[in-house]
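Chain by chain, the residues:
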Amino acid sequence: MKAFFFFIAQGFYQRSYKNMFKKNLAFAIGILLFCILMYMETFRFASESTLRVGPQVYPRILLAVLACLTGVYIMKEIVMKAISNKTQEENKEKKHFNWRSFFSYYYKTFFVFVLFALYIFLLNNVGFIISSLIFLFIGQTLLMKMKSIKLYIINVSVTFVATFFIFIVFTEVLGVRLP
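Just so we're clear, the structure is a prediction, and the values are computed from it rather than from any experiment.

The rules behind these values
- Residues numbered from 1 in each chain as written.
- Predicted model: local features only at pLDDT ≥ 70, side-chain atom pairs only at ≥ 80, totals over all residues.
- Heavy atoms only, no water.
- Helix = DSSP H or I, 4+ residues; strand = E, 2+ residues; numbered from the N terminus.
- Core = buried A, V, L, I, M, F, W, Y, C linked by side-chain atoms within 4.5 Å.
- Buried < 20%, exposed > 50% of the residue type's maximum accessible area, 1.4 Å probe, protein only.
- Contact = heavy atoms within 4.5 Å.
- Salt bridge = Lys/Arg side-chain N within 4 Å of Asp/Glu carboxyl O.
- Bend = angle between axes of the 7 residues up to and from the residue.
- Expected span 1.5 Å × (residues − 1).

Enquirer: It is not clear to me how the environment of Phe27 should be interpreted in this structure. Could you clarify?
Expert: Position of Phe27 among the secondary structure elements: in helix H2 (residues 12-41). Residues Phe27 and Thr70, spaced 43 residues apart in sequence, show a C-alpha to C-alpha distance of 9.6 Å.

The structure is reproduced here in structure tokens:
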């Protein structure tokens, strides 16, 4: 485990981690404050639902997950700061950032962001079901290594089941009208 953090610390973090630590920590604390504010706002939602699950439950779940992930991020930043200080003392040479290697390593991430932007655009124009089917199928195809017909069948199955499950939960259980 120590070797893993050492490897990360020598990569992209080493060059400017000392300067970025305060900014990253401030950003994470800002996200935590945002989560607290939005959680307090969920108490203002109209609860006219006859169901046991009101419209405030889903945002509260999302905010709790976001707050937990932000807490993990803060802990990671603190650990990386400590490791970065040790590695900077051991290794004084500077490494240059290479955009080509960065993009070749993270090209799937960039493509998923572009795909998500397309999904948001299609959501209002085409509707929830069709745009979700397209987004999930292409996204899973990109992230999974499709080497057999079995994986395509699993991809299509997961795409349809997830889309219709989410549609039914939102429309029938939560009473939210989807586009």
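Enquirer: Which parts of the structure should I look at to understand the nonpolar core?
Expert: The nonpolar side chains of a soluble globular protein tend to be buried with one another. Grouped together as the largest cluster of nonpolar side chains are five residues: Tyr119, Phe128, Phe170, Leu174 and Leu178. For Leu178, the residues in contact, after removing those within four places along its chain, are Phe128, Phe167, Phe170 and Thr171.

Enquirer: Help me understand the pattern of salt bridges in this model?
Expert: A side chain with one charge may pair with a side chain of the opposite charge, provided their charged atoms come close. Tallying each qualifying case throughout the model produces two salt bridges. One salt bridge connects Arg44 with Glu41, and the closest N-O pair in it is separated by 3.8 Å. We classify Glu41 as partly exposed; its relative accessible area is 29%. Where Lys76 meets Glu77, a salt bridge forms, and the shortest distance between an N and an O atom there is 3.7 Å.

Enquirer: How do you make sense of helix H4 (residues 99-125) when you look at a structure like this?
Expert: Within an α-helix, residues lying three or four positions from one another point in the same direction, as the helix has 3.6 residues per turn. The principal kink in H4, of about 65 degrees, is found at Tyr106. What H4 keeps buried is the set Phe102, Leu115, Tyr119 and Leu122. Immediately beyond the C-terminal end of H4, within one or two residues, lies Gly127, with a positive phi of roughly 120 degrees.

Enquirer: So what exactly am I meant to see when it comes to helix H6 (residues 149-173) here?
Expert: Taking 1.5 Å per residue, 25 residues should reach 36 Å; H6 reaches 35 Å between its end C-alpha atoms and fits that length. Within the span of H6, buried status applies to Asn155, Thr159, Thr163 and Phe170. Gly175 lies just past H6 and shows a positive phi near 70 degrees.

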